[in-house]
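Notes for the structure review
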Amino acid sequence: MIHVFDTGPLFKFLTTDCVPQLLAALGNNIIHVPQAVECEINNTPKRHPLFKKATEVWNRKFPQRFKQVISDAPNDELRECCLSVLGIDFDQMYSQSKDRGKNMAILHGALRARAGHKVILICDDEGGIALIRKQASILRMQHLLGLHTPGGQIQLYHPI
């Protein structure tokens, strides 16, 4: 099971320094975050000092063996996924800071599910939740048509 996080839910654990609880809840599995999410973790406190603790916990206290930062470097597969999932060009989407972390979490989750992995996307944004549900449904239909590696699945967890 691959757990891919959007920024919001991760901030909640990091600002309260609840890393052990988060890891226990995930069965000590690795947390996957897109580069865009890591950038938001590190840059948001510059605008909102309330989140300073999150940056400190992520960079100093979060065990490296439990986090994997996923490269957002565009490739053909990521570009195609962006067009099919978000309906916009990757470069256009990535040039906008608003929703970049959420969008990248959804895209990386969709790509892993298409490759046959079971993915849990953790998101607390209403638009993101709707998009994840839609992509989970689309993926099920695409599997029936034999378009992707069998076994892939998208599940949603939203801590709202």
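The structure reproduced in this document is the subject of the present report. All values reported here derive from a predicted model rather than from experimental measurement. Residue positions are given per chain, counted from 1 along the sequence in the order it is written. Given that the model is predicted, a residue must reach a pLDDT of at least 70 before its local features are reported, and side-chain atom pairs must reach 80 or more before they are shown or counted; all residues, however, enter totals for whole chains, interfaces and linings. Excluding hydrogens and water, the side-chain values take into account all heavy atoms of the structure.

Notes on the packing of aromatic side chains
Pairing of aromatic side chains here covers Phe, Tyr and the six-membered ring of Trp, requires ring centres within 6.5 Å, and sorts the geometry by plane angle: under 30 degrees stacked, over 60 edge-to-face, intermediate tilted. Applying the stated rule across the entire model yields three aromatic pairs. Pairing Trp-58 with Phe-62 gives two aromatic rings, centres 5.0 Å apart and planes at 50°, and the pair type is tilted. With respect to class, Trp-58 is no different from Phe-62; both count as buried. By definition here, charges over rings are those cases where NZ of Lys or CZ of Arg is within 6 Å of the ring centre and within 35 degrees of the ring normal. When the ring centre of Trp-58 is taken as origin, the NZ or CZ atom of Lys-67, which lies over that ring, is 4.1 Å away. Positioned above the aromatic ring of Tyr-94 is the side chain of Arg-100, whose terminal nitrogen or guanidinium carbon lies 4.8 Å from the ring centre. Note on classification: 1.4 Å probe, protein chains only; a residue is buried when its accessible area is under 20% of the maximum for its type, exposed when over 50%, partly exposed between these limits.

A word on the side chain of Asp-72
Turning to its location among the elements, Asp-72 is positioned in the loop between β3 (67–70) and α5 (76–86). Despite being buried, Asp-72 has no salt bridge partner; Arg-100 is the closest side chain of opposite charge, sitting 6.9 Å away. From its side chain, Asp-72 meets the backbone nitrogen of Ala-36 in a polar contact 2.7 Å long. When sequence neighbours within four positions are dropped, the list of residues in contact with Asp-72 reads Pro-34, Gln-35, Ala-36, Leu-78, Phe-90, Tyr-94, Met-104 and His-108. Each helix is a run of H or I in the DSSP string that is no shorter than four residues. Each strand is a run of E no shorter than two, and both are numbered from the N terminus. His is not counted, nor are the chain ends, whereas Lys and Arg count as positive and Asp and Glu as negative. For this analysis, a salt bridge means a side-chain nitrogen from Lys or Arg found within 4 Å of a carboxyl oxygen belonging to Asp or Glu. Within 3.5 Å is the distance limit for a polar contact, defined as a pair of N or O atoms, with the added protein rule that one can donate a hydrogen and the other accept it, and that residues adjacent in sequence qualify only through two side-chain atoms. Here a residue-residue contact requires only that any non-hydrogen atoms of the pair lie within 4.5 Å.

Some thoughts on helix α3 (residues 35–47)
The length a helix should cover is 1.5 Å for every residue beyond the first. Over its 13 residues, α3 extends 19 Å from the first C-alpha to the last, a length consistent with the 18 Å expected when each residue adds 1.5 Å. By definition, a residue's bend is the angle between the axes fitted to the seven residues ending there and the seven starting there. At Ile-41, α3 shows its largest kink, close to 30°, and the proline Pro-45 lies no more than four residues downstream. Listed in full, the buried residues belonging to α3 are Ala-36, Val-37, Ile-41, Thr-44 and Pro-45. Turning to α3, the residues buried within the fold contact β1 (2–5), α1 (7–15), β2 (31–34), α4 (52–61), α6 (90–94) and α7 (100–114).

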